[in-house]
Amino acid sequence: MADIDWSRWTPVDRATLVFVLSGDDILLIEKKRGLGGGKVNGPGGKVDPGESVEQCAIRECKEELGIDVSELEQLGEHRFQFVDGYSIHCWVFRTSKWGGEPVETDEAVPLWRRTDAIPYERMWEDDHIWLPLILEGKAFTADWIFEDDTMLDHRLTLLAQAPGAPTE
Ligand SMILES: Nc1[nH]c(=O)nc2c1ncn2[C@H]1C[C@H](O)[C@@H](COP(=O)(O)OP(=O)(O)OP(=O)(O)O)O1
């Protein structure tokens, strides 16, 4: 953390992640391509120009799984810095409201799992640290340093209320 000035940090990309919860189950994806292709994650992706993070979250759920999510609760904010210079600011949402049946698309395979059996060994290295907070409805902001797929350092702060919309 020491050599990064997070107060001046500007991301290369902005992105979203969405976790749909249904009772004791969580909707995940096997991501086929893009950053984190081959891993299990929530649906999500990069924010398009002129789009809000919430609009992006809704669009990505439709594109990746064919579902219509609503009543999104914005709970988490990640600042991922990669040592090669790439960076991505990621907004995490959860919801228990969706329409349609998740289907396989060019981008993802839907994967329902019990919340007590999340396959963290197939996910990004950071997920086991913060996804339990999403399940509990706890808001947070977190900074991460990665070298490729390897997490080098992190700092996570619980928040009293949800992080605001992006300012950069
Ligand atoms: N360390 C990490 N842990 C995590 O859980 N998700 C991460 C992560 N680093 C990146 N992500 C996620 C956030 C976002 O959903 C996704 C990056 O977006 P994508 O590459 O999937 O974008 P797109 O679906 O827009 O793809 P392209 O069309 O290929 O640009 O990776």
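Refer to the structure presented above.
Everything numeric here is computed off the predicted structure, so don't read it as measured data. (Residues numbered from 1 in each chain as written. Predicted model: local features only at pLDDT ≥ 70, side-chain atom pairs only at ≥ 80, totals over all residues. Heavy atoms only, no water.)

(A) Summary view of the environment of Glu71. Relative to the helices and strands, Glu71 resides in the loop between strand S4 (68-70) and strand S5 (73-82). C-alpha separation for the pair Glu71 and Leu111, spaced 40 residues apart in sequence, amounts to 21 Å. (Helix = DSSP H or I, 4+ residues; strand = E, 2+ residues; numbered from the N terminus.)

(B) Examining the pattern of salt bridges more closely. The full count for this structure, using the stated rule, is 15 salt bridges. The partner of Arg122 in a salt bridge is Glu30, and the shortest N-O contact between them spans 3.0 Å. Note that Arg122 is positioned in the loop between strand S8 (108-114) and helix H2 (127-136) and Glu30 in strand S2 (residues 25-31), a separation of 92 residues in sequence. One salt bridge in this structure joins Lys39 and Asp149, with 2.9 Å as the shortest N-O distance. Taken together, the residues span a long stretch of sequence, with Lys39 in the loop between S2 and strand S3 (40-41) and Asp149 in the loop between strand S9 (139-147) and strand S10 (150-159) at a distance of 110 residues. A relative accessible area of 44% places Asp149 in the partly exposed class. Taken together, the shared-partner salt bridges in this structure form one network comprising Asp48, Glu51, Arg59, Glu60 and Glu63. (Salt bridge = Lys/Arg side-chain N within 4 Å of Asp/Glu carboxyl O. Buried < 20%, exposed > 50% of the residue type's maximum accessible area, 1.4 Å probe, protein only.)

(C) Highlighting the packing of aromatic side chains. Tallied over the entire structure, the rule returns ten aromatic pairs. Look at Trp130 and Phe140: their rings are 6.1 Å apart centre to centre, the planes differ by 40 degrees, and that puts the pair in the tilted class. In this pair, Trp130 is assigned in helix H2 and Phe140 in strand S9, connecting sequence segments ten residues apart. Both residues of the pair, Trp130 and Phe140, belong to the buried class. (Phe/Tyr/Trp six-rings, centres within 6.5 Å; stacked < 30°, edge-to-face > 60°.)

(D) Representation of H2 within the structure. Considered for burial, the residues of H2 that qualify are Asp127, Trp130, Leu131, Leu133 and Ile134. Projected down its long axis, H2 shows its buried positions confined to an angular sector of 155 degrees, all on one face. Phi turns positive one or two residues past the end of H2, at Gly137, with a value near 75 degrees. (Arc of directions from axis to C-beta.)

(E) Examining the layout of surface pockets more closely. Computed from the structure, the largest pocket encloses a volume of approximately 430 Å³. Residue lining of the largest pocket: 27 residues in total, with Ala15, Lys31, Leu35, Gly45 and Ile88 positioned closest to the centre. Those elements that place two or more of their residues in the lining of the largest pocket are strand S1 (13-22), helix H1 (53-65), S5, strand S6 (87-95) and H2. Broken down by class, the residue content of the lining of the largest pocket amounts to eleven nonpolar, six polar and ten charged. (1 Å grid on protein atoms, 1.4 Å probe; cavity = no way out; pocket = protein on both sides within 12 Å on 5 of 7 lines; lining within 4 Å. Points joined across faces, edges and corners; volume = space filled by probe spheres on them. Nonpolar A, V, L, I, M, F, W, Y, C, P; charged D, E, K, R; others polar.)

(F) Layout of the environment of Glu121. Relative to the helices and strands, Glu121 is located in the loop between S8 and H2. The class of Glu121 is exposed, set by a relative accessible area of 68%. Each C-alpha atom, one on Glu121 and one on Glu63, is 26 Å from the other, the two residues being 58 residues apart in sequence.

(G) Seen up close, the pairing of S5. Among the ten residues in S5, nine count as buried, and that is most of the element. Looking at chain direction, S5 and S6 are connected through eight bridges and run antiparallel. The partner of Gln74 across the bridge, within S6, is Phe93. Hairpin connection, S5 to S6: the antiparallel pair is bridged by four residues, and Gly85 has positive phi, about 110 degrees. Bridging between S5 and S9 involves seven bridges; their strand directions are parallel. Bridge assignment links Phe80 to a residue of S9, and that residue is Trp144. (Pairing = 2+ DSSP bridges.)

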